[in-house]
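# Geometric and topological summary
If you want the building blocks of each chain, they are given just below.
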Amino acid sequence: QVQLVESGGGSVQAGGSLRLSCTASGRAIFSYYAMGWFRQAPGKEREFVAALSWNSGSPYSADSVKGRFTISRDNAKNTVYLEMNTLKPEDTAVYYCAAKYFGRGTAEDDDYDYWGQGTQVTVSS
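Described in the following lines is the structure provided in the data block.

## As for the overall build of the protein chain
Per the secondary structure count, the protein chain includes 0 helices and 11 strands. When the helices and strands of the protein chain are listed from N to C terminus, the series reads β-β-β-β-β-β-β-β-β-β-β. Relative to its length of 125 residues, the protein chain is compact, with a C-alpha radius of gyration of 13 Å against a globular reference of 14 Å. Out of the 125 residues belonging to the protein chain, those deemed buried represent 44%. Taking the intrachain contacts of the protein chain between residues at least 6 apart in sequence as the baseline, contacts between residues at least 24 apart amount to 61%. About 6,400 Å² of surface is accessible on the protein chain, with carbon and sulfur atoms providing 46% of the total. Positive and negative charge centroids in the protein chain, built from 12 and 13 side chains respectively, lie 6 Å apart.

## Structural notes on the packing of aromatic side chains
In this description, an aromatic ring pair is defined by two values, namely the gap between the centres and the angle between the planes. One pass over the full model with this rule turns up 10 aromatic pairs. Pairing F38 with W115 gives two aromatic rings, centres 5.1 Å apart and planes at 55 degrees, and the pair type is tilted. Remark: W115 occurs in strand β10 (residues 114–115) and F38 occurs in strand β4 (residues 33–40); sequence separation between them is 77 residues. Look at F38 and you get buried, because its relative accessible area is 1%. These aromatic residues form a ring-pair network of at least three members: Y32, Y33, W54, Y101, F102 and Y114. Lying over the aromatic face of W115, R46 brings its terminal NZ or CZ to 3.9 Å of the ring centre. The ring of F30 has R73 sitting right over it, with the charged end atom 4.5 Å from the ring centre.

Conventions used here
Residues numbered from 1 in each chain as written. Predicted model: local features only at pLDDT ≥ 70, side-chain atom pairs only at ≥ 80, totals over all residues. Heavy atoms only, no water. Helix = DSSP H or I, 4+ residues; strand = E, 2+ residues; numbered from the N terminus. Rg over C-alpha atoms; globule rule 2.2 N^0.38 Å. Buried < 20%, exposed > 50% of the residue type's maximum accessible area, 1.4 Å probe, protein only. Contact = heavy atoms within 4.5 Å. Areas by Shrake-Rupley, 256 points an atom, 1.4 Å probe, with all protein chains shown as cover. Lys, Arg positive; Asp, Glu negative; His and termini not counted. Charge placed at Lys NZ, Arg CZ, Asp CG, Glu CD. Phe/Tyr/Trp six-rings, centres within 6.5 Å; stacked < 30°, edge-to-face > 60°. Lys NZ or Arg CZ within 6 Å of the ring centre and 35° of its normal.

Have a look at this one:
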């Protein structure tokens, strides 16, 4: 079992930055899990943001955030991060982290085994 808790959300003006954190706990070994970030805006389906393999290899992100958002992890701290820069109003959403046992992170939410409760990010124009 893996419990995931996101933090770092908040309200920011367009052009600003935020760093989200997701800390894992439980009996499972964090470093065995690929990690992903997803988001869901009001009235929209959940969408992929970024993913990272268990060993920090193969990071990739959605086209909509490429060059602005960076995913990273610190296995010693059981934490994955999402650094978000040059934020836009369309980035407003609840952001969720997710864990996938082993292998590469993917853009498919069905591939993930565990989810956090989400953290709100609001970007004003």
